[in-house]
Amino acid sequence: MDSNDENLIANGTLITYSVQDEDNNSVQLSKTSDNMIIVENVGAYNGTKKYKFFSNIKDLDFSIQSSEFNGGCDGYQINKLTFTGIDIDVTAEKGYYKIVLE
């Protein structure tokens, strides 16, 4: 998003983007039909892992703290998501994070 709440993917401003984990491995991304980015297959571990988001507009760092799910089935849950970077504004919306890149 930009500061006018316009989706930068939809308007063609955000052209290139990628995510790497702290070991410089690429993380799979998917673009939804409503122009959002899904970061695939993260959080399947106990502890905290750092990630970097790279784009043609701005880069930012984030970390994911997750733990084993204690609900009668095997799996993991994301407990905390933290974004850091210069001049970014992140809002937790219902089911997603809105990040203002410009």
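Criteria and thresholds
- Residue positions are counted from 1 within each chain, in the order its sequence is given.
- Per-residue local features are limited, in this predicted model, to residues with pLDDT of at least 70; the limit for side-chain atom pairs, both in listing and counting, is 80 or more; totals at the level of whole chains, interfaces and linings are taken over all residues.
- Neither water nor hydrogens contribute to the side-chain values; these are computed over all heavy atoms in the structure.
- What counts as a helix is a DSSP run of H or I of at least four residues, what counts as a strand is a run of E of at least two, and both are numbered from the N terminus.
- Working definition: with a 1.4 Å probe on protein chains only, accessible area under 20% of the residue-type maximum means buried, over 50% means exposed, and in between means partly exposed.
- Here a residue-residue contact requires only that any non-hydrogen atoms of the pair lie within 4.5 Å.
- Basic side-chain nitrogens of Lys or Arg form a salt bridge, by our definition, when they fall within 4 Å of a carboxyl oxygen of Asp or Glu.

Engineer: So what exactly am I meant to see when it comes to the environment of Glu-22 here?
Structural biologist: Examined against the element boundaries, Glu-22 turns out to sit in the loop between strand 1 (17-21) and strand 2 (26-27). Exposure remark for Glu-22: the relative accessible area of 43% places this residue in the partly exposed category. Between the C-alpha atom of Glu-22 and that of Lys-50, which follows or precedes it by 28 residues, the distance is 5.2 Å. Those residues in contact with Glu-22, other than ones at most four positions away along the chain, are Lys-49 and Lys-50.

Engineer: Is there a simple way to think about the pattern of salt bridges in this case?
Structural biologist: Opposite charge on two side chains lets them pair, provided their charged atoms get close. By the definition in use, this model includes four salt bridges. Where Lys-52 meets Asp-61, a salt bridge forms, and the shortest distance between an N and an O atom there is 2.7 Å. With relative accessibility at 40%, the residue Lys-52 sits in the partly exposed group. In this structure Asp-61 comes out as partly exposed when scored by relative accessible area, which is 30%. Lys-98 is paired through a salt bridge with Glu-93; the nearest N and O atoms lie 3.9 Å apart. Each of Asp-5, Glu-93 and Lys-98 takes part in one network of salt bridges that share partners.

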